[in-house]
Amino acid sequence: MQGIQAKQLFGKKKSGSAQQAEPFGGYSKGCFAGGERLAETGPTWQAMRLSRNRNWGHPDTIDYIKTLSRKAAAQPGWNGLYIGDISQPRGGPMLSGHRSHQIGMDIDIWMRPADRLNLSVTERENISSISMRRAKGAYTNSNWTRQHHEILKAAAKDPRTARIFVFPGAKVQMCNDETGDRAWLRKVRPWWGHHYHFHVRLKCPANAKGCVNQDLPPEGDGCADAQQWVNNILNPPAPDPTAPKPKPKPRGELTMANLPGQCVSVLQSN
């Protein structure tokens, strides 16, 4: 087992482990026990792309989705949220796509307003979210609304939230539009892509000793940093010949030997 690609092992599991709920390791190198499945359809949400079987998470994550979806449903034109990938039933590396989403504490939430909560399984496989960006992410486009601002604000103000990743233009737009308390903006971080969905990363649950939190975001609202991202999109800086070479990305696929030791028992549990 130690030398086999971990994604092949975790990708075959169809249900959560019969263990107490607990994440192990970090967001991009870990797994989780006792996963809970987000119902395919609820009063204020629908899980998308059901064939992927990635609507599993830590119970705190499932509760977070239900809480945020109720707040989204209070916004004009929204009946709740369309939920993209959370994690595989026991987390771990995925067969395709993300490097993160491994410990059941990451959530992709579609930017498309969830105006219908009676989508069929086939519709959920075939419809797409909608992009919010223009000028390669320097600005929001006409699809962006105040409702998006309020939903991301509610997501960030939940004390369980560690970070939210969204394209740079959206962060700058929110910085420009927010006239009240700005503390929540610290958690909203600019990142490439993330214009069809925003990515919520939750903190490790209390007393989860085997879970590794990401470092806290820098102090402040982060608006100047996001504006610099936008400036660099609009006017890409010339390469700095004195800059150190970027560290090479790790090669190869994660094996069980790369993951926390508890992940073996997570795989072997009923």
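Residues numbered from 1 in each chain as written. Predicted model: local features only at pLDDT ≥ 70, side-chain atom pairs only at ≥ 80, totals over all residues. Heavy atoms only, no water.

Colleague: What is the right way to look at the overall build of the protein in this model?
Modeller: When you go through the protein residue by residue, the secondary structure sums to seven helices and 13 strands. Rg of the C-alpha trace for the protein: 19 Å, near the compact-globule value of 18 Å for 270 residues, within the 12% margin. Here the C-alpha coordinates of the protein stretch approximately 55 × 50 × 35 Å along the principal axes. The buried share of the protein, taken over its 270 residues, is 52%. The long-range share in the protein, meaning contacts at least 24 apart out of those at least 6 apart in sequence, stands at 77%. Total accessible area computed for the protein in this model is approximately 13,200 Å², and 51% of it derives from carbon and sulfur atoms. Looking at charge distribution, the protein has the averaged site of its 37 positive side-chain charges lying 5 Å from that of its 22 negative ones. (Helix = DSSP H or I, 4+ residues; strand = E, 2+ residues; numbered from the N terminus. Rg over C-alpha atoms; globule rule 2.2 N^0.38 Å. Buried < 20%, exposed > 50% of the residue type's maximum accessible area, 1.4 Å probe, protein only. Contact = heavy atoms within 4.5 Å. Areas by Shrake-Rupley, 256 points an atom, 1.4 Å probe, with all protein chains shown as cover. Lys, Arg positive; Asp, Glu negative; His and termini not counted. Charge placed at Lys NZ, Arg CZ, Asp CG, Glu CD.)

Colleague: What should I look at first to understand the nonpolar core in this one?
Modeller: Within soluble globular proteins, side chains that are nonpolar generally end up buried alongside one another. With 42 residues, the main nonpolar core has Ile83, Ile107, Val166, Phe198 and Val200 as its most contacted residues. Listing elements by their share of this core, those giving two or more residues are β5 (45-47), α2 (59-72), β7 (81-83), β8 (106-110), α4 (146-157), β11 (161-166), α5 (168-177) and β13 (197-202). Apart from the residues lying within four places of it in its own chain, the contact partners of Ile83 are Leu38, Trp45, Gln46, Ala47, Met48, Ile65, Ile107, Asp108 and Ile109. In terms of nonpolar packing, the next biggest core, distinct from the first, is built from twelve residues, Leu254, Met256, Leu259 and Val266 among them. (Core = buried A, V, L, I, M, F, W, Y, C linked by side-chain atoms within 4.5 Å.)

Colleague: Would you explain helix α6 (residues 223-234) in this entry?
Modeller: Along an α-helix, residues three or four apart share an orientation, since each turn contains 3.6 residues. For α6, which comprises twelve residues, the first-to-last C-alpha distance of 17 Å matches the rise-based estimate of 16 Å (1.5 Å per residue) to within 8%. Of the residues making up α6, those classed as buried are Cys223, Ala226, Trp229, Val230 and Ile233. When α6 is viewed along its axis, its buried side chains cluster within an angular range of 115° and face the same direction. Against the buried residues of α6 lie α5 and β12 (188-190). (Expected span 1.5 Å × (residues − 1). Arc of directions from axis to C-beta.)

Colleague: Honestly, the environment of Arg201 in this entry has me stumped. Any pointers?
Modeller: If you trace the backbone, Arg201 turns up in strand β13. Considering only alpha carbons, one finds Arg201 and Pro260, 59 residues apart in sequence, at a separation of 20 Å. Once residues within four sequence positions are removed from consideration, Arg201 is found in contact with Tyr27, Ser100, Met105, Asp106, Thr161, Ala162, Arg163, Phe165 and Gln214. In terms of polar contacts, Arg201 uses its side chain to reach the side chain of Gln214, at 2.8 Å. (Polar contact = N/O pair within 3.5 Å; in protein donor to acceptor, adjacent residues only side chain to side chain.)

Colleague: Where do I start with the packing of aromatic side chains in this structure?
Modeller: A ring pair, where both rings are aromatic, is described by two values, the distance of the centres and the angle of the planes. Taken as a whole and assessed by the stated rule, the structure comprises three aromatic pairs. Taken together, the ring pairs connect Trp191, Trp192 and Trp229 into an aromatic cluster. The positively charged end of Arg201 is found above the aromatic ring belonging to Tyr27, 4.4 Å away from the centroid. (Phe/Tyr/Trp six-rings, centres within 6.5 Å; stacked < 30°, edge-to-face > 60°. Lys NZ or Arg CZ within 6 Å of the ring centre and 35° of its normal.)

Colleague: Sorry, what's going on with the state of the cysteines here?
Modeller: Should the sulfur atoms of two cysteines be covalently bonded, the bond is a disulfide. The full count for this structure, using the stated rule, is three disulfides. At a sulfur-sulfur separation of 2.1 Å, the disulfide partner of Cys31 is Cys263. Measuring handedness by torsion sign, the sulfur bridge of Cys31 and Cys263 sits at about -100° and is left-handed. Placement of Cys31 in strand β2 (residues 29-33) and of Cys263 in helix α7 (residues 262-268) is noted, with a sequence separation of 232 residues between them. Both residues of the pair, Cys31 and Cys263, count as buried. (Disulfide = S-S within 2.5 Å.)

Colleague: Whenever I open this one, the side chain of Asn55 confuses me. Can you help?
Modeller: Among the structural elements, Asn55 can be located in the loop between β5 and β6 (56-57). Of the residues examined, Asn55 reaches a relative accessible area of 6% and is grouped as buried. Setting aside residues no more than four positions away along its own chain, Asn55 makes contact with Glu36, Arg37, Leu38, Ala47, Leu50, Ile86 and Ser87.

Colleague: Looking at this structure, I do not really get the packing of α2 against α4. What am I missing?
Modeller: Helix packing geometry: the angle between the two helix axes and the distance between the axes. Closest axis-to-axis distance for the α2/α4 pair is 10 Å, and the angle between their directions is 145°. The way α2 lies across α4 gives a crossing that is right-handed. From α2, Tyr64, Leu68, Lys71 and Ala72 reach across to α4, where they touch Ile151, Ala154 and Ala155. Looking at the contact of α2 with α4 residue by residue, the class counts come to six nonpolar, no polar and one charged. (Axes fitted to C-alpha atoms, helices over the stretch in contact; angles between N-to-C directions. Left-handed = near helix turned anticlockwise from the far one by under 90°. Nonpolar A, V, L, I, M, F, W, Y, C, P; charged D, E, K, R; others polar.)

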